[in-house]
Each structure stands twice: as structure tokens, then as C-alpha cells.
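In case you want the letters, here they are:
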Amino acid sequence: GLEENPPKAGADTGNILKQGYLEKRNREHGFFGSEWQKRWCVLNRRTFYYYANERSKQPKGNFAIEHYNAQLACHLRKDSRKSCCFELVCPGKRTYE
């Protein structure tokens, strides 16, 4: 889950709902299959931002959360973290795992 920490300077800090580290699955499959990357994530009322780490000034990516739904996705991993997996899904747009 997302941890509670001081506000992130790069995001709209007045409206932060949650922030902390999550592992995000890379879209591109490497030699060993899909790779999980630890990212600092910030969620406000309108946008989900992800950064390389909590000190990063510029996000590696972001997207408007309108029309996205979160759903559990235990099938994404086979290790001890499988019960914590979820997807952010929006028809016609990228799914974030």
C-alpha cells in the first residue's frame, strides 16, 4: 500500500490523498519477462503521478484517474506479494499493474 510521508513537491500538494512506494510492472517485457519497478507514487483527486524515488522533482509518468477503476489482481504475481496486487483499469487506455 501507499505509505504516509511528507507532501511531494512535484505534485499538487494541496490535494494529496495518498503517497508512498508501490511496485509498478514495466510495459515492456525484458529477457526475464515483465519486471517490477519500485516507484514513489502520489495520488491526488484528479491525477496519479509516479516518480523514480521520493526525491525526484519530475514524474516519470502521470495520468488522470477519471474513469479508472482499481481491482484486485492476485494473478499478477506468484510470490508473497500476490495478495497486494491490483490493477488500475480504464476501457481503451493503458492498464497499470
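Structure shown above.
Quick summary incoming for the structure in this document. This one's a predicted model, so the numbers in the text were calculated from it and none came from an experiment.

Rules behind the numbers
- Residues numbered from 1 in each chain as written.
- Predicted model: local features only at pLDDT ≥ 70, side-chain atom pairs only at ≥ 80, totals over all residues.
- Heavy atoms only, no water.
- Helix = DSSP H or I, 4+ residues; strand = E, 2+ residues; numbered from the N terminus.
- Contact = heavy atoms within 4.5 Å.
- Pairing = 2+ DSSP bridges.
- Axes fitted to C-alpha atoms, helices over the stretch in contact; angles between N-to-C directions.
- 1 Å grid on protein atoms, 1.4 Å probe; cavity = no way out; pocket = protein on both sides within 12 Å on 5 of 7 lines; lining within 4 Å.
- Points joined across faces, edges and corners; volume = space filled by probe spheres on them.
- Nonpolar A, V, L, I, M, F, W, Y, C, P; charged D, E, K, R; others polar.

### Let's talk about the environment of Asn62
Here is step 1: Considering the arrangement of structural elements, one finds Asn62 in strand β4 (residues 61–64).
Here is step 2: Sequence-wise, Asn62 and Cys41 are 21 residues apart; in three dimensions their C-alpha atoms are separated by 9.4 Å.
Here is step 3: Ignoring sequence-local partners within four residues, the contact set of Asn62 consists of Thr47, Phe48, Tyr49 and Tyr50.

### What to know about the sheet that holds strand β2 (residues 36–44)
Here is step 1: Reading across the sheet, the 4 strands line up as β1-β2-β3-β4 and stay open at both edges, with antiparallel pairing between neighbours. Each edge of the open sheet is held by one strand with a lone partner, namely β1 (16–25) and β4. Strand-to-strand twist in this sheet, taken as the mean axis angle between neighbours without regard to direction, amounts to 20 degrees.
Here is step 2: Both β1 and β2 contribute to a ladder of 9 bridges, which runs antiparallel. Bridge assignment links Lys18 to a residue of β2, and that residue is Leu43.

### A look at the layout of surface pockets
Here is step 1: Reported here for the largest pocket is a volume of approximately 420 Å³.
Here is step 2: The wall of the largest pocket is formed by 18 residues, among which Leu22, Glu23, Lys24, Cys84 and Phe86 lie closest to the centre.
Here is step 3: Elements represented by at least two residues in the lining of the largest pocket include exactly β1, β2, β3 (47–51) and β6 (86–89).
Here is step 4: When residues of the lining of the largest pocket are assigned to their parent elements, the largest contribution, 4 residues, is made by β1.
Here is step 5: For the lining of the largest pocket, the residue count by class is 12 nonpolar, 1 polar and 5 charged.

### Points about unusual backbone geometry
Here is step 1: In this structure, His67 takes a positive phi of about 75 degrees despite not being glycine.
Here is step 2: Relative to the helices and strands, His67 resides in the loop between β4 and β5 (69–72).

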